[in-house]
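Residue-level structural notes
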Amino acid sequence: MSYESRKFVKVTISSHKSKLSGQNHRCSNNFDLSQLKDTGELKFTFSGVKTISLAQDKTAATDNPIKESLESGKTVEYKKCGKDNVYIMDVVSTSGTEGMFSIEVEAV
């Protein structure tokens, strides 16, 4: 069995619907997508929000968006770079800004 075959196909992460205190864009803590199979494409599924954006946390540098305005059910190209340290940013909610929501990330 190869190492790649032991990786996950799907994970669920959580995010706030609004920006974290003291942050301009960030809505979640960092999460690591490197444990997903490296298929080159990821599908993001969520409800209760219209769109989400992804950014990579860079130490002592400006965090730039990776993907912006993702809608639920969309498949996007994604190239991993070691431990990702990715986070959710700029959530556009359809049901208020209080609380949290879940995002299913699937390697397709």
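Scroll up to find the structure this text is about.
Quantities reported herein were computed from a predicted structural model and do not represent experimental measurements.

Quick look at the overall build of the protein chain
Secondary structure summary: the protein chain contains 0 helices and 7 strands in total. The secondary structure elements of the protein chain, listed N-terminal to C-terminal, are β-β-β-β-β-β-β. On C-alpha atoms alone, the protein chain measures out to a radius of gyration of 14 Å, which is about the 13 Å that the 2.2 N^0.38 rule sets for 108 residues. Along the first, second and third principal axes, the C-alpha set of the protein chain runs to 45 × 35 × 20 Å. For the protein chain, the accessible surface area stands at approximately 6,300 Å², while carbon and sulfur atoms represent 44% of it. Across the protein chain, 15 positive and 14 negative side-chain charges occur, with their mean positions spaced 2 Å apart.

Scoring rules and cut-offs
- Residues numbered from 1 in each chain as written.
- Predicted model: local features only at pLDDT ≥ 70, side-chain atom pairs only at ≥ 80, totals over all residues.
- Heavy atoms only, no water.
- Helix = DSSP H or I, 4+ residues; strand = E, 2+ residues; numbered from the N terminus.
- Rg over C-alpha atoms; globule rule 2.2 N^0.38 Å.
- Areas by Shrake-Rupley, 256 points an atom, 1.4 Å probe, with all protein chains shown as cover.
- Lys, Arg positive; Asp, Glu negative; His and termini not counted.
- Charge placed at Lys NZ, Arg CZ, Asp CG, Glu CD.

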